[in-house]
Amino acid sequence: MARSLVDKIWDAHVVRSIASGQDVVYIDRHLIHEVTSPQAFDELAARNLPLFRPNRILATADHNVPTLNQHLPIVEPLSRSQVDKLTENCQKYGIELYGLGHQRQGIVHVIGPELGLTLPGTTIVCGDSHTSTHGAFGAVAFGIGTSQVAQVMASQCLLLTRPKRMRIAVEGQLRPGVTAKDLILYVISQLGTGGATGYFVEYAGSAVRSLSMEGRMTVCNMSIEMGARGGLIAPDATTFAYVEGRPFAPKGAAWEQAVSYWETLYSDDDAVFDAEYVYDAAEITPMITYGTNPGMGIPLTGHVPSQVPDSEAESFDKSLKYMGFERGESLLGKQIDYVFIGSCTNSRIEDLRTVAAYVQGKHKAGHVEAIIVPGSKQVEQQAIAEGIDKIFAAAGFELREPGCSACLAMNEDKIPAGAYCVATSNRNFEGRQGPGSRTLLASPLVAAITAVQGRIVDITQYLN
Ligand SMILES: CC(C)[C@H](C(=O)O)[C@@H](O)C(=O)O
Ligand code: SF4
């Protein structure tokens, strides 16, 4: 029978199906960080349970880490205790930890792929909603709750209901200045934040296929922002070229064998999807959000909607009030205070290169604070090796040390109340970047141009 990609991977991991219709699914890879693991470890300890396969777990410290002076002890007490707890638990249970100061430390969804831990055809979980990022490799990857983190630790399995399948195809060629981030912000603006609830989304079509792995990760990363359980893209030559030679990738004969299996991972021609959408790449323009959820996105040259359904009017106006915007207005010309380039959506080396290529020989506007937080130690080192750090410094952009940083401001990197920040991250919720902060989500290219201009502009007029 014709099967979709998610079903092929799912079927290969079902240990047992139970009478209720749910499946016990084997998990290949479990990533953990300091925020959602402590309660799971406590549960194991309380029940005196050992880890089933400690070598399938990998830990990193990312959410609470400072992005300045990482060689010094963490100053903020809560952050310090979270990171210390992770270190203690990893020692106690024999889990590999890429903690602060480690050459492989970084945002969990950045280091998995760059180390070759994220492989096609695998099941990957983490107590973190943006685990969907790893789906870019053709993996079934999804965020789990803390009690599930404990279940995977104890059994390497989860009891799950098979997700519904959705396919979103974007066909054609993206226009100049339009990136993977614009593509996914556009899709979410069309479907809304609940548009994919209960589904696993497969992204397809020639525009998706032509994206780099970094771009595909950006797209899959934001699947959760439209309610999807996960997102994935069939692996292809682009995927294999990215994975080959990475530290944890299979080598030699094992590599050949792996690739021949991975080549079977695509949705069969007559596979049935529970929902399907097709978009035209040429319709997509550089995007920005104006509101307080990622579905509130418009073209940079567009207008804040003037009409919304009555049932949404109250929350819509509340959101606009928070942002200081009016119905029907254009955002062009609005002054911006901060630019944050980072997060598991857009902090990979390709993102930094895009920014560097634009800002080389230019300087940020005087009133703007521009911060670049690499997704990992390796991205940081690569940026230094390529001399990108010097381009940033000359342009007045501050290159920090890796972590989640101002994506959710669990460390000191907070945007002040009332200030506007164009951010390359994935969430623009009220207070997300600090109490009262106002976030406008955009691509790294839009962020770079905004930092230089100091206000929101039609970037197509400013492309190099
Ligand atoms: C802290 C963590 C549980 C959370 C998530 O699950 O997504 C965070 O990473 C976020 O982006 O809001
Ligand atoms: S970078 Fe942001 S979205 Fe990604 S895991 Fe960290 S806090 Fe969550």
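Residues numbered from 1 in each chain as written. Chains lettered and ligands numbered in written order. Predicted model: local features only at pLDDT ≥ 70, side-chain atom pairs only at ≥ 80, totals over all residues. Heavy atoms only, no water.

Asks: Quick rundown of empty space enclosed by the protein? Include the residues and the values.
Replies: On inspection of all chains with the given rule, the structure shows 1 cavity of 30 Å³ or more. Considered as a void within the structure, the largest cavity measures approximately 30 Å³ in volume. Elements that contribute at least two residues to the lining of the largest cavity include exactly β9 (164–171) and β10 (199–204). Per-element tally for the lining of the largest cavity: the top contributor is β10, with 3 residues. Looking at side-chain class alone, the lining of the largest cavity contains 6 nonpolar, 1 polar and 2 charged residues. (1 Å grid on protein atoms, 1.4 Å probe; cavity = no way out; pocket = protein on both sides within 12 Å on 5 of 7 lines; lining within 4 Å. Points joined across faces, edges and corners; volume = space filled by probe spheres on them. Helix = DSSP H or I, 4+ residues; strand = E, 2+ residues; numbered from the N terminus. Nonpolar A, V, L, I, M, F, W, Y, C, P; charged D, E, K, R; others polar.)

Asks: An account of the UniProt feature "binding site: [4Fe-4S] cluster" (unreviewed entry) in the chain is needed here, citing residue identities and associated values.
Replies: Under the UniProt annotation, "binding site: [4Fe-4S] cluster" (unreviewed entry) lies at Cys344, Cys404 and Cys407. Across 64 residues of sequence, these annotated residues stay compact in space, with a maximum C-alpha separation of 8.8 Å. Residue position: Cys404 is located in the loop between β17 (397–399) and β18 (420–423). With relative accessibility at 7%, the residue Cys404 sits in the buried group. In contact with Cys404, not counting residues within four places along its chain, are Asp62, His63, Ile107 and Phe340. (UniProt positions renumbered as here; feature names shortened; annotations may be inferred. Buried < 20%, exposed > 50% of the residue type's maximum accessible area, 1.4 Å probe, protein only. Contact = heavy atoms within 4.5 Å.)

Asks: Account for the packing of helix α2 (residues 38–46) against helix α3 (residues 77–93), naming residues and giving values.
Replies: Running from N to C, α2 and α3 cross one another at 40°; their axes reach a closest spacing of 10 Å. The pairing of α2 with α3 is recorded here as oblique in orientation. In the crossing of α2 with α3, the sense of the turn from one axis to the other is left-handed. Within the contact between the two elements, α2 uses Pro38, Phe41, Leu44 and Ala45 and α3 uses Gln82, Lys85, Asn89, Lys92 and Tyr93. (Axes fitted to C-alpha atoms, helices over the stretch in contact; angles between N-to-C directions. Parallel < 35°, antiparallel > 145°, perpendicular 65-115°, else oblique. Left-handed = near helix turned anticlockwise from the far one by under 90°.)

Asks: Now, about the packing of helix α6 (residues 180–191) against helix α8 (residues 213–221): what can you tell me, with residues and values included?
Replies: Between α6 and α8, the shortest axis-to-axis distance is 8 Å and the interhelical angle comes to 20°. Judged on the interaxial angle alone, α8 and α6 are roughly parallel. The chirality of how α6 crosses α8 is right-handed. Contacts from Ala180, Lys181, Leu183 and Ile184 in α6 reach Gly215, Thr218 and Val219 in α8. Residue composition of the contact of α6 with α8, grouped by class: 4 nonpolar, 2 polar and 1 charged.

Asks: Go over the pairing of strand β4 (residues 57–60) with me, naming the residues and quoting the values.
Replies: Neither face of β4 is left uncovered, since the one carrying Ile57 and Ala59 and the one carrying Leu58 and Thr60 both have all their residues buried. Sheet topology note: the strand β3 (residues 29–32)/β4 ladder contains 3 bridges and is parallel. Bridge pairing in β4 places His30 opposite Ile57. This β-α-β element, β3 to α2 to β4, shows right-handed connectivity. When β4 meets strand β5 (residues 96–98), the two strands line up parallel, connected through 3 bridges. Across the sheet, Ala59 pairs through a bridge with Leu97, a residue of β5. (Pairing = 2+ DSSP bridges. Right-handed = clockwise from strand over helix to strand, strands pointing away.)

Asks: Requested: an account of the layout of surface pockets, with residues and values cited.
Replies: Where empty space is left in the structure can be found by rolling a water-sized probe over the atoms. Considered as a void within the structure, the largest pocket measures approximately 330 Å³ in volume. Breaking the lining of the largest pocket down by element, the ones donating at least two residues are β14 (297–299) and α11 (310–323). Lining the lining of the largest pocket are residues from two domains, each supplying at least three of them: domain 2 (164–236 + 266–283) and domain 3 (289–461). (Domains from an automatic or database assignment.)

Asks: Quick rundown of the domain arrangement of the chain? Include the residues and the values.
Replies: Taken domain by domain, the chain comprises domain 1 (5–161), domain 2 (164–236 + 266–283) and domain 3 (289–461). One C-alpha centre belongs to domain 2, the other to domain 3, and the line joining them spans 22 Å. Across the boundary between the two partners, domain 2 contributes 18 residues, which contact 23 residues of domain 3. Taken over both partners, the interface formed by domain 2 and domain 3 buries close to 1,500 Å², and the fraction arising from carbon and sulfur atoms is 55%. Of all residues in domain 2, Lys181, Glu214 and Glu225 bury the most surface against domain 3, accounting for 33% of the area lost on that side. Inspection of the domain 2/domain 3 interface yields 1 salt bridge. Where Glu225 meets Arg427, a salt bridge forms, and the shortest distance between an N and an O atom there is 3.0 Å. Scanning the region where domain 2 abuts domain 3 turns up 11 residue pairs in polar contact (both at pLDDT 80 or more). Elements with a minimum of two residues in the side of domain 2 that touches domain 3: α6 and α8. Split by residue class, the side of domain 2 that touches domain 3 holds 6 nonpolar, 8 polar and 4 charged. (Buried area = accessible area lost by both parts, 1.4 Å probe. Salt bridge = Lys/Arg side-chain N within 4 Å of Asp/Glu carboxyl O. Polar contact = N/O pair within 3.5 Å; in protein donor to acceptor, adjacent residues only side chain to side chain.)

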